[in-house]
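Observations on the model geometry
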Amino acid sequence: MPEVKSTCPYCGVGCGVLVATDGSRITGVRGDPGHPANFGRLCTKGSTLHLSTGLDGRVLHPELRMDKAAPRQRVDWDSALDHAAQRFAGIIAEHGPDAVGFYLSGQLLTEDYYVYNKLTKGLVGSNNCDTNSRLCMSSAVAGYKATLGVDAPPCSYEDIDHAATLFVAGANTAYAHPVLYRRIEAARARNPAQRLIVVDPRVTDTARDADLHLAILPGTDVALFNGLLHVMLWEGLTDPAYIAAHTEGFEALKDRVRAYTPERVAGLCGIAEADLVTAARWFAAGPTLSLYCQGLNQSSHGTDKNAALINLHLASGQIGKPGAGPFSLTGQPNAMGGREVGGLANLLPAHRDLADPADRAEIARLWGVDSVPERPGLTAVEMFEAARAGRLKAIWIVGTNPAHSLPDQMAVRAALDACEFVVVQECFHNSETVAWADLLLPASTWGEKDGTVTNSERRISRQRSALPPPGEARHDWVIGVDFARRLEALLPQRGRASLFPYESAEAIWNEHRATTRGRDLDITGLSWAMLDAAGPQQWPLPEGAAIGKARLYEDGQFPTADGRARFHAADYLPPAETVNPRFPLALNTGRLRDHWHTLTRTGRVARLWNHAEEPAIGLNPADLERRGLRAGSLVKVASRRGQLILKCQADPGVRPGQAWLPMHWGSAWLAGPGVNGLTNAALDPISRQPEFKHAAIQVTPWRAEHHVSLLAQGDHALAARLRPFLARFAWASLTLSGRDQPVLALHAAHEQPIPAEWLAELDALAGLDDPLATLAYQDARRAVSKKAHVVDGRIVSVRLTGETAAQDWLKELIRAGADATALRPWLLSPLANPPQGCAERGRVVCNCLNVSESEIGAAIAGGTDLSGLQDRLKCGTECGSCLPELKRMLAG
């Protein structure tokens, strides 16, 4: 069958994907060589998309419970949506429209977004429509609006090739946007004179490649940017002509940054004065392209950070020309599309401002409603705060996982407990939020959906369906339209026609297109037919234009009342939560290379776990030593909001006094509320984005006498059965690994002896309950018991209790499917190292070609260089995501 053109559902790079099917399942994917975002490249996540598409663990039919204490029961769609419409209508009638809310996702298609935004603001009459993009991009939105007038990234990926200096701030591009990083590597290879400055508290793989790494103290970005401008002013490196012709507010900013001397900024940021001066000179020389992401956005002062960086571009004239400009990298595949349709609680379609009466009146006219509500709606964190307080009675959650992804998880879960009616529209059962659903609705997902997305460079692409939705699953927009029509019948309509006459996703998109006429993002010259014929297009593309605009503000005219950009004068303010003797460490959270968000999709693919198999907090070796800890030991991590038990690891890239923890670990994979049980919900006063990037924590040793490890062949079905055990233990982690043969590992520790009935339950789940089919060892005096199930000479499952030294090499045996006949005498022995002839491969560095750290290390020890590694082991020759790590290993 012919391949289907689509896009990748992960980061905001917007990679084109060609999808192969056999008519009933997706059999493979490859990068689309004709897509201008990636030219055929995919990262490890994108290249394994087909492995995430099985039906195990999918939500396939509606489920409803009439009582929160009762289990959900399967119902038909009419019953589900009639009940939802009646509940929402009743709550609106009794408590008003602001008693309900819709919480959406940056993974929705533009058409989905448009329907739910119109449903909330046009039909219900509330602005309580927000999205998880609030958690990643709203400070970027606010920063663009405060300085350039509208939320419009002015750059394109091609600017990477034209820049003399790349200024990467608050972004580990090598991990979070690996395909884009391949483009950076290629540009630097072609132009060795191109400079790379990286601003990041951690020594990341991106920072290791930098010509200059500014390892600032967490949260001091505004001080740094003000200090850079101070140096530019002192050395005459600004562009006075550009400032005079195209901006306003520079005198106030100049007065503000006068106090940010190199000496003061070096002290505030923890960097060398000479490095600050060098960075200012390189930036001002230009052309300079800044690339930034969550390190700036996820802050209680994120708007100031974004705007202070844009100040540097305006002051030095580094905008509106090839290789120059402030380029915010989006974290989700369609966060941009959601922003375009106004899918945030303070926005209206096509970059209209909710606070502007004329904008509200125009949208009311376009939608055919009397008015659009004036009061801003509840943003993401505020929506759940209102539910916990009893003000928000019903919430409809679409394609996102707030019981994992929002900060201060104990408060979020209390809110879900308190909310009268919770609707969850979801693809996968492994989303933590599903547990709170009173009504669970099955939604289509990637490979099944049909519509459009917009990437970081304002490029609109078609995402096409390769297969129909399975079971009773429906497209998100179809669910929204069906519900809206039922709700219309229950609300006062004043005789008007339905607001939701759509019969196709294209019809929705056409209405969205009409709202953009005359706006900065005008796409009235674009159509689905053009996207099909000519491929992805950038906006603006107004009627009469043949092609979109690659670069904005080339004429120095900005979409403000007077056509001038605005400087934003902000002082440095510390993070909302400071460290102290009780909580002396600053916690930073972020992404792993091969996982994404809350693991509902990447967690289904065993090989994506191989690079980082277990949840662990990274500390500087000096902080480990100070606390009497060794790498791999269990620790209690506590903040003012909650605590977790997990392993620690030495990370020399983290400065003393700081800690780093991947954001992906939630209660589906780890005992407790997950990483965001620790994080801070303090909000930026303008963007209302929470401060994920800084929380004060304490790390102390944690010990338990009683340990158990279960290793077994299996994947989603077994994981679902093992997941309830996580809540029984003080520490427990559930992980997946392997390649052709996935292996699940449940590791747990308990402060009391592990009940025999728990072990019996685990044995039954892993096929270890038949004494005639298992090897067993028991030492009751030492509370040690072990079992192994061997089939045809190969280990299928193992359970170790009381003594677990052999767990790593036993897991490798199960993964490899190796013949273990000769090792039978050793299978239940207390050996931390494998017997002779049984090599342990260790962590996989190259996931594409399954090349391990030990194999690469042995080749390097033998004198092999990078080209030799690529030639001999083939690592780094496919997606390239492992290249920064290969270079790090070669550097020693």
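The sections below set out a description of the structure shown in this document. (Residues numbered from 1 in each chain as written. Predicted model: local features only at pLDDT ≥ 70, side-chain atom pairs only at ≥ 80, totals over all residues. Heavy atoms only, no water.)

Quick notes on the layout of surface pockets
Volume-wise, the largest pocket comes out at about 1300 Å³. In terms of lining, the largest pocket is formed by 42 residues, of which the most central are His611, Ala612, Glu613, Gln649 and Arg843. Elements with a contribution of two residues or more to the lining of the largest pocket: helix H8 (205–208), strand S26 (643–650), strand S27 (658–662), helix H27 (807–816) and helix H30 (883–891). It is H27 that provides the largest number of residues to the lining of the largest pocket, a total of five residues. Residue composition of the lining of the largest pocket, grouped by class: 15 nonpolar, 11 polar and 16 charged. Lining the second largest pocket are 30 residues, and of these His429, Asn430, Ser431, Ala668 and Arg723 lie nearest its centre. (1 Å grid on protein atoms, 1.4 Å probe; cavity = no way out; pocket = protein on both sides within 12 Å on 5 of 7 lines; lining within 4 Å. Points joined across faces, edges and corners; volume = space filled by probe spheres on them. Helix = DSSP H or I, 4+ residues; strand = E, 2+ residues; numbered from the N terminus. Nonpolar A, V, L, I, M, F, W, Y, C, P; charged D, E, K, R; others polar.)

Examining the packing of helix H9 (residues 221–234) against helix H11 (residues 250–257)
Two numbers describe how H9 lies on H11: the axes approach to 9 Å, and their chain directions differ by 105°. In terms of orientation, H9 lies roughly perpendicular with respect to H11. For the pair H9 and H11, contact is made by Asn226, Leu229, His230 and Leu233 and by Phe250, Leu253, Lys254 and Val257, respectively. Taken together, the residues of the contact of H9 with H11 break down into five nonpolar, two polar and one charged. (Axes fitted to C-alpha atoms, helices over the stretch in contact; angles between N-to-C directions. Parallel < 35°, antiparallel > 145°, perpendicular 65-115°, else oblique. Contact = heavy atoms within 4.5 Å.)

Some details on the sheet that holds S27
Pairing is mixed in the closed barrel, where six strands are placed in the order S23-S27-S24-S26-S25-S28. When the angles between neighbouring strand axes are averaged without regard to direction, this sheet yields 45°. Of the pairings in the sheet, the one linking strand S23 (residues 585–590) to S27 comprises five bridges and is parallel in character. Considered in S27, the bridge of Leu587 is made with Ala659. (Pairing = 2+ DSSP bridges.)

Let's talk about the packing of aromatic side chains
How two aromatic rings sit relative to each other is set out by the distance from centre to centre and by the angle between their planes. Under the definition given, this model contains 19 aromatic pairs. When the ring of Tyr157 is compared with that of Phe327, the centres are 5.8 Å apart and the planes differ by 25°; the resulting orientation is stacked. Taken together, the residues Tyr157 in the loop between helix H4 (138–148) and helix H5 (159–162) and Phe327 in strand S13 (residues 325–328) connect sequence positions 170 residues apart. Across the pair, Phe327 and Tyr157 agree in class, each one buried. With centroids separated by 4.9 Å and ring planes inclined at 50°, the aromatic side chains of Phe250 and Phe567 adopt a geometry described as tilted. Highlighted residues: Phe250 in helix H11 and Phe567 in the loop between strand S22 (565–566) and S23, separated in sequence by 317 residues. Phe567 shares its class with Phe250; the two are buried. Three or more aromatic residues joined by ring pairs make a cluster, and in this case those are Phe88, Phe102, Tyr116, Trp396, Phe421 and Phe483. (Phe/Tyr/Trp six-rings, centres within 6.5 Å; stacked < 30°, edge-to-face > 60°. Buried < 20%, exposed > 50% of the residue type's maximum accessible area, 1.4 Å probe, protein only.)

Let's talk about helix H12 (residues 262–269)
Looking at H12, one finds that the buried residues are Pro262, Val265, Ala266 and Cys269. With its buried residues spanning 105° around the axis, H12 presents them on a single face. Projecting away from the buried face of H12 at angles above 90 degrees are the exposed residues Glu263 and Gly267. Just past H12, the residue Gly270 takes up positive phi, approximately 75°. (Arc of directions from axis to C-beta.)

Quick word on the side chain of Glu63
Structurally, the position occupied by Glu63 is in strand S4 (residues 63–64). Judged by relative accessible area, Glu63 falls into the buried class, the value being 13%. In terms of polar contacts, Glu63 uses its side chain to reach the side chain of Arg72, at 3.0 Å. Setting aside chain neighbours within four positions, we find Glu63 in contact with Arg72, Gln73, Arg74, Val75, His429, Asp438, Leu439 and Leu440. (Polar contact = N/O pair within 3.5 Å; in protein donor to acceptor, adjacent residues only side chain to side chain.)

Quick word on the sheet that holds strand S8 (residues 165–169)
Through backbone hydrogen bonds, the strands of a sheet pair up, either in parallel or in antiparallel fashion. Pairing in this open sheet of five strands is parallel, and the strands run S10-S9-S8-S12-S13 from one edge to the other. Of all the strands in the sheet, the pair left with one neighbour each is strand S10 (212–214) and S13. Sheet twist, expressed as the mean angle between neighbouring strand axes with direction ignored, is 15°. For strand S9 (residues 195–199) and S10, the ladder comprises three bridges, and the chain directions are parallel. When the bridges of S10 are listed, Ile197 appears paired with Leu212. Against the sheet, H4 contacts strand S12 (288–292) and S13, and its axis sits at roughly 155° relative to S13. Its contacts with the sheet place helix H13 (residues 273–285) against S8, S9, S10 and S12, and it is angled at close to 120° to S10.

What about helix H15 (residues 302–316)?
Between its first and last C-alpha atoms H15 spans 22 Å; for 15 residues at 1.5 Å apiece the expected length is 21 Å, and the two agree. Phi for Gly317, located one or two positions after H15, is positive at around 70°. (Expected span 1.5 Å × (residues − 1).)

Concerning the side chain of His512
Here His512 shows up in helix H22 (residues 505–515). Using a relative accessible area of 2% as the deciding quantity, one classes His512 as buried. Once residues lying within four places of it in the same chain are set aside, the contact partners of His512 are Thr110, Tyr114, Glu340, Val341 and Ile523.

Focus on the pairing of strand S17 (residues 421–426)
By the criterion of burial, S17 is predominantly enclosed, with six of the six residues buried. By the alternation rule, side chains of S17 split into Phe421, Val423 and Gln425 and Val422, Val424 and Glu426, which are all buried. Bridging between S17 and strand S18 (residues 439–442) involves four bridges; their strand directions are parallel. Pairing of Gln425 across the sheet is with Leu441, part of S18.

Observations regarding the pattern of salt bridges
Summed over all chains, the structure comprises 63 salt bridges. As a salt-bridge pair, Arg30 and Glu3 come within 2.8 Å of each other at their nearest N and O atoms. Of the two residues, Arg30 sits in strand S3 (residues 26–31) while Glu3 sits in the segment before strand S1 (4–7), which places them 27 residues apart along the sequence. Owing to a relative accessible area of 36%, Glu3 belongs among the partly exposed residues under this scheme. Beyond isolated ion pairs, a larger network of salt bridges with shared partners links Asp78, Asp82, Arg474, Asp482 and Arg486. (Salt bridge = Lys/Arg side-chain N within 4 Å of Asp/Glu carboxyl O.)

Some details on the nonpolar core
Residues Phe88, Leu119, Leu224, Phe225, Trp396 and Phe483 are the most contacted members of the largest nonpolar core, which totals 113 residues. Considering each element in turn, this core owes the most residues, nine residues, to helix H2 (residues 77–95). Leave out the neighbours within four places in its chain, and Phe225 touches Phe167, Ala169, Leu296, Lys305, Ala308, Leu309 and Leu312. Ranked by size, the runner-up nonpolar core spans 50 residues in total, among them Val637, Val675, Ala732 and Leu744. (Core = buried A, V, L, I, M, F, W, Y, C linked by side-chain atoms within 4.5 Å.)

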